[in-house]
Every structure is written in structure tokens, then in C-alpha cells.
Amino acid sequence: MPRAKRLLIGGLIVMTMGVSTATANDLKLTIVNPQNLYDPSPNGYSTAVITPRGARLAYISGQGGQDSTGALSPDFAVQVAQAYANLRTALDALGARPDQVAKLTVFVVDRDMSKLGVLTRNVKEMFGEALPAQTLIPVPKLAIDPMLFEVEAVVVPD
């Protein structure tokens with residue numbers, strides 16, 4: 001059993017315990033879709049995701065549909081596919097996997113119901129059953145005029 005240490009910091013007593021090595025299971029996200037709420041998984045997201053106690057968080061800035069040269073297709077579906085490819089590249093740079101993404105925020109220019117199928121298909125292709133919590137925000141414009149889609153992520157890397 002680890003031995004507790006007491007620290008006096010500015011009049012507060014803070015107790016610390018010995019640190020143990022985390023296993024892979026200790027770092028897994030817990031997906032929560034309460035039965036008494038609408039099941040969002042067919043639409044490509046989860047109601048809530050719990051991150052492990054003491055986990056590190058990484059924030060990935062909004063990824064748009066630009067390719068490596070900065071070019072943007074005028075087609076919404078092409079931009080969405082490229083944005084998720086860019087998100088995957090950012091995850092790889094962190095040494096993280098899609099199942100470590102806790103939360104997505106997506107921004108869609110001129111959102112309409114026809115775009116939801118494209119979004120759902122792409123998120124399910126990337127995340128499979130480990131669907132992160134997600135918020136879609138309709139916007140009139142993004143950073144540059146030809147952008148139609150952007151996705152940002154909160155990640156719990158190992």
C-alpha cells in the first residue's frame with residue numbers, strides 16, 4: 001500500500017499518494033449512452049465520454065479539408081473526407097489512436113440535412129464503435145471562404 005505524504009501549500013494541507021504505473025485499461029475512455037436518452041450512435045457520436053482520472057489531454061486544432069498543398073475542393077464530401085484524414089495525421093503525430101478521442105466539435109457551413117449522411121459516414125469510418133462525444137455547430141463562414149467543414153478534437157493520449 002502506498003504511503004501518503006502531506007504537503008502544506010499556502011495554508012492548505014494536500015495529501016498525495018504514491019504513483020503507480022497505469023495499464024492500458026486504466027487509460028481507456030468510457031462511452032456513456034443512457035437508455036433513457038435518444039441513442040446517438042447511429043448518427044456517429046456518443047452522449048458522453050468519461051476520461052480516466054489523471055489522464056493527460058491533448059487538443060487538436062480545427063482541421064479543415066485542405067490537402068498538404070493547401071488546396072480545397074469545392075465539394076463538401078471531399079472536404080469532410082480530407083479533414084478526417086488530416087485529423088488522423090494529427091493523431092498519428094501525437095502517437096494517439098481514434099479510440100482515444102473523447103470529444104469532437106465540428107463546424108459546418110450552410111448545414112442542411114443532406115450533409116448529415118456525409119458526416120455520419122466519415123465519423124463511423126474513422127471511429128467504428130468507439131464513437132466520441134460530438135457537437136455540430138452550423139456556421140455562416142469558417143477561417144477562409146472556400147472552407148465548408150472543420151473538425152477539432154480532444155484526445156486522451158497514452
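Residues numbered from 1 in each chain as written. Predicted model: local features only at pLDDT ≥ 70, side-chain atom pairs only at ≥ 80, totals over all residues. Heavy atoms only, no water.

Chemist: Any chance you could break down the nonpolar core for me, citing the residues and the numbers?
Modeler: Within soluble globular proteins, side chains that are nonpolar generally end up buried alongside one another. Within the largest apolar cluster, 30 residues are counted, with the highest numbers of intra-cluster contacts made by Tyr 84, Leu 87, Leu 104, Phe 127 and Phe 149. Every element with two or more residues in this core is listed here: strand E5 (58-64), helix H1 (76-94), strand E6 (101-109), helix H2 (113-127) and strand E8 (149-155). Looking at this core element by element, the count peaks at seven residues for H1. Residues in contact with Phe 127, not counting those within four places in the same chain, are Tyr 84, Leu 87, Pro 98, Val 101, Leu 104 and Pro 132. (Core = buried A, V, L, I, M, F, W, Y, C linked by side-chain atoms within 4.5 Å. Buried < 20%, exposed > 50% of the residue type's maximum accessible area, 1.4 Å probe, protein only. Helix = DSSP H or I, 4+ residues; strand = E, 2+ residues; numbered from the N terminus. Contact = heavy atoms within 4.5 Å.)

Chemist: Give me the lowdown on the pattern of salt bridges, citing residues and values where you can.
Modeler: Two side chains with opposite charge may pair up if their charged atoms get near one another. One pass over the full model with this rule turns up four salt bridges. Residue Asp 92 pairs with Arg 88 through a salt bridge whose shortest N-O separation is 3.4 Å. In this pair, Asp 92 and Arg 88 are both assigned in helix H1, four residues apart and thus about one turn of the helix distant. Its relative accessible area of 37% is what places Arg 88 among the partly exposed residues. Connected through shared salt-bridge partners, Arg 97, Asp 99 and Asp 158 make up one network. (Salt bridge = Lys/Arg side-chain N within 4 Å of Asp/Glu carboxyl O.)

Chemist: With reference to specific residues and values, describe the side chain of Thr 120.
Modeler: Structurally, Thr 120 can be placed in helix H2. When its relative accessible area of 16% is taken as the criterion, Thr 120 is described as buried. Excluding its chain neighbours within four sequence positions, the residues that come into contact with Thr 120 are Pro 42, Asn 43 and Gly 44.

Chemist: Please set out H2 residue by residue, giving values where relevant.
Modeler: Over its 15 residues, H2 runs 22 Å from end to end, which matches the ideal 21 Å to within 8%, given 1.5 Å per residue. Residues of H2 that are buried: Lys 115, Val 118, Leu 119, Thr 120, Asn 122, Val 123, Met 126 and Phe 127. Residues of H2 that are buried make contact with H1, E6, strand E7 (133-139) and E8. Gly 128, located one to two residues past H2, shows a positive phi value of around 60°. (Expected span 1.5 Å × (residues − 1).)

Chemist: Tell me about the confidence of the model for the protein chain, and please be specific about residues and values.
Modeler: The predicted model of the protein chain averages 87 in pLDDT, with 83% of residues at 70 or higher. Taken together, the stretch residues 1-21 has pLDDT below 50 and engages in 21 contacts with residues farther than four places along the chain or on a different chain. (pLDDT = per-residue confidence, 0-100.)

Chemist: Can you tell me about unusual backbone geometry, naming the residues and giving the values?
Modeler: The backbone phi angle of Asp 110 is positive, close to 50°, even though this residue is not glycine. Note that Asp 110 resides in the loop between E6 and H2.

Chemist: Could you give an account of H1, naming the residues involved and the relevant values?
Modeler: With 19 residues, H1 should cover 27 Å at 1.5 Å per step; its first-to-last C-alpha distance of 27 Å lies within 8% of that length. Against E5, E6, H2, E7 and E8 lie the buried residues of H1. Capping of H1 at its N-terminal end is provided by Asp 75; its side-chain oxygen lies 3.1 Å from the backbone amide nitrogen of Ala 77. The first or second residue beyond H1 is Gly 95, which carries a positive phi of 75°. (Polar contact = N/O pair within 3.5 Å; in protein donor to acceptor, adjacent residues only side chain to side chain.)

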